[in-house]
Structure formats: C-alpha cells, structure tokens
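Listed below are the residues making up each chain.
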Amino acid sequence: SQWGEENLQALSIQEGEDVTMNCSYKTYTTVVQWYRQKSGKGPALIILIRSNEREKRSGRLRATLDTSSQSSSLSITGTLATDTAVYFCATRSGSFNKLTFGAGTRLAVCP
Amino acid sequence: EAAVTQSPRNKVAVTGGKVTLSCNQTNNHNNMYWYRQDTGHGLRLIHYSYGAGSTEKGDIPDGYKASRPSQENFSLILELATPSQTSVYFCASGDWRGQNTLYFGAGTRLSVL
C-alpha cells in the first residue's frame, strides 16, 4: 500500500488480470481521489469516493473507502496494456484546499 | 476542456542561478498549486494559492518562492538554485466547489548543474 514518504510500490501483471491497489491515510478526510499518471504526463483524476460512500464504480474501476481504518483501495478489472501508469491516492488534510498525495503504485500491464 | 500550461517544459540551470517556472490556467479556478515529483516518490506540495495575490507554504517550501499576480498565472521561483532542486515540477489548478479535483499541467523537468 502507499502513503506519505513510503517508497513507490510496483506491480507487474498480464493483460486481462484484475488488480487492486491500496492506500492508507493519516488524517480525517471527506473524500479520497485517485489519479493516474502516464509516462511523461501530469496526473489526471480517474475516480473519487466520498466519506459517505463505501464503494464507487466507474467502468472497469472500483474504489472503496473504509473511514474506520482510514484506508482506500482501487481495483481495475480486465486490465489493458494502456492501464500501465502510476496510480496515486490523494486526500484533503488540514486546510480544505490542500491535497496530499501518497507515494504511488507503479503498475505495468504486459500484453 | 480544463487546461493548465507550464513553461518551460525543460530547463537546465546553474547552481546559484535564479529560475522561474511559469504556469497558466484557463479553468478560472481559484486554487493553484506547485508540486515536485522525484523518482520513486509521490507528489510533494511546495506552495499553493487561493487566488490572485495570495500564496501559502506547502509541505516543502524551503528554497522556493511563489507569485500569483492574477487568477490565471502562478509562478514558482528558485532564487538560488541548488542541485537538490533537480526534479520534475507540476502545476495544478482546482476549485473547492468540485471537491477540489486538481487539473495538472504536463510538468517541467528542471536540472540544476
């Protein structure tokens, strides 16, 4: 799982497999955002889940949130080679407008 | 489509020199941010702004200044660049009304020699 100053996690899987990435956060948050960063690009939001939701789906993506354990997960079903990227979770901490990112999970999907 | 443009995309600077990284957004967002990303690590917040004329320190502000002269523009300034500031810098804009989703630029790769 990712958070804070932990080193980047790395996963390598075959196309078609399912994958789950985990994220734990340290302070109360009302929303967890998941971003994907492809090589040479800036991160882009792919899904967000609010504290009153336990699960959120968007196409092949599924996010979960457990506020009691302060953790979130992102699952991708039927991965494609184009899912190869670094995935970050982000939460609001302290100031409403300040987002804090986890260290990220580097996912390689081999065709 | 939300748009955040950074310039330059690549920069080589000398130790002790002054570096200015620029960011322009056409999203009309109030909030803008500067992050740095180092190999194997996530995004770390340097400075952010709530609107024109405001700047706030993020988690790693030492050695950096920021300037927000207008809603659209947000600059990051390294007055005395050091090799430890070699990194990839990302600018982002966001609006709290949209759960503060961030829209990122493509990044600036800075090398300080």
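Here, every reference points to the structure presented above.
Let us look at the structure shown here. If you're wondering where the values come from, they're calculated on a predicted model, not measured in any experiment.

### Concerning the overall build of chain B
Stage number 1. Helix and strand counts for chain B come out as zero helices and 11 strands.
Stage number 2. Mapped from its N terminus to its C terminus, chain B presents α and β elements in the order β-β-β-β-β-β-β-β-β-β-β.
Stage number 3. For a compact globule of 113 residues, the expected C-alpha radius of gyration is about 13 Å, and chain B comes in at 13 Å, within 12% of that figure.
Stage number 4. Taking the principal axes of its C-alpha atoms as reference, chain B extends roughly 40 × 30 × 25 Å.
Stage number 5. Counting over 113 residues, chain B shows a buried share of 53%.
Stage number 6. Put simply, of all contacts in chain B between residues at least 6 apart along the chain, 54% involve residues at least 24 apart.

### Let's talk about the pattern of salt bridges
All names here are of chain B.
Stage number 1. Evaluation of the coordinates by the stated rule reveals seven salt bridges over all chains.
Stage number 2. Residue Glu79 is joined to Lys65 by a salt bridge in which the shortest nitrogen-to-oxygen separation is 3.7 Å. Within this pair, whereas Glu79 is found in the loop between β8 (73-78) and β9 (87-94), its partner Lys65 is found in strand β7 (residues 65-67), the two being separated by 14 residues in sequence.
Stage number 3. Assessed through its relative accessible area of 34%, Glu79 is described here as partly exposed.

### A word on unusual backbone geometry
Excluding glycine, most residues fall at negative phi; most peptide bonds, likewise, are trans.
Stage number 1. With an omega of -5°, the peptide bond between Ser7 of chain B and Pro8 of chain B qualifies as cis.
Stage number 2. Tracing the sequence through the fold places Pro8 of chain B in the loop between β1 (4-7) and β2 (10-13).
Stage number 3. In this model, Gln70 of chain A sits at a positive phi of 50°, which is unusual for a non-glycine residue.
Stage number 4. The backbone of Asn28 of chain B shows a phi angle near 60°, a positive value even though the residue is not glycine.
Stage number 5. Tracing the sequence through the fold places Asn28 of chain B in the loop between β3 (19-25) and β4 (31-37).

### Re the side chain of Arg68 of chain B
Stage number 1. Assignment of secondary structure puts Arg68 of chain B in the loop between β7 and β8.
Stage number 2. A polar contact is formed between the side chain of Arg68 of chain B and the side chain of Ser49 of chain B, at a distance of 2.8 Å.

### Points about the sheet that holds β1 of chain B
Residue and element names in this part refer to chain B.
Stage number 1. Spatially, the four strands line up as an open sheet ordered β1-β3-β8-β7, and their pairing is antiparallel. Edge positions in the open sheet fall to β1 and β7, since each of these has one partner strand only. Geometrically, the sheet is characterised by an average inter-axis angle of 20° between neighbouring strands, direction not taken into account.

### Considering the interface of chain B and chain A
Stage number 1. Residue-level contacts link 23 residues of chain B with 24 residues of chain A.
Stage number 2. Taken together, both faces of the contact between chain B and chain A bury some 1,900 Å²; the carbon and sulfur share is 51%.
Stage number 3. On inspection of chain B and its partner chain A, the count reaches zero salt bridges.
Stage number 4. At the surface where chain B touches chain A, the tally comes to three residue pairs in polar contact (both at pLDDT 80 or more).
Stage number 5. Among the secondary structure elements, those contributing two or more residues to the side of chain B that touches chain A are β4, β5 (43-49) and β10 (102-104) of chain B.
Stage number 6. Looking at the side of chain B that touches chain A residue by residue, the classes come out as 11 nonpolar, nine polar and three charged.

### Topic: the environment of Ser49 of chain B
All names here are of chain B.
Stage number 1. Tracing the sequence through the fold places Ser49 in strand β5.
Stage number 2. Judged by its relative accessible area of 0%, Ser49 is buried.
Stage number 3. Contacts of Ser49, omitting those with residues within four sequence positions, involve Asn30, Asn31, Met32, Ser54, Thr55, Arg68 and Phe74.
Stage number 4. Within the structure, the side chain of Ser49 is placed 3.0 Å from the backbone oxygen of Gly51, a separation counted as a polar contact.

Scoring rules and cut-offs
Residues numbered from 1 in each chain as written. Chains lettered and ligands numbered in written order. Predicted model: local features only at pLDDT ≥ 70, side-chain atom pairs only at ≥ 80, totals over all residues. Heavy atoms only, no water. Helix = DSSP H or I, 4+ residues; strand = E, 2+ residues; numbered from the N terminus. Rg over C-alpha atoms; globule rule 2.2 N^0.38 Å. Buried < 20%, exposed > 50% of the residue type's maximum accessible area, 1.4 Å probe, protein only. Contact = heavy atoms within 4.5 Å. Salt bridge = Lys/Arg side-chain N within 4 Å of Asp/Glu carboxyl O. Polar contact = N/O pair within 3.5 Å; in protein donor to acceptor, adjacent residues only side chain to side chain. Pairing = 2+ DSSP bridges. Axes fitted to C-alpha atoms, helices over the stretch in contact; angles between N-to-C directions. Buried area = accessible area lost by both parts, 1.4 Å probe. Nonpolar A, V, L, I, M, F, W, Y, C, P; charged D, E, K, R; others polar.

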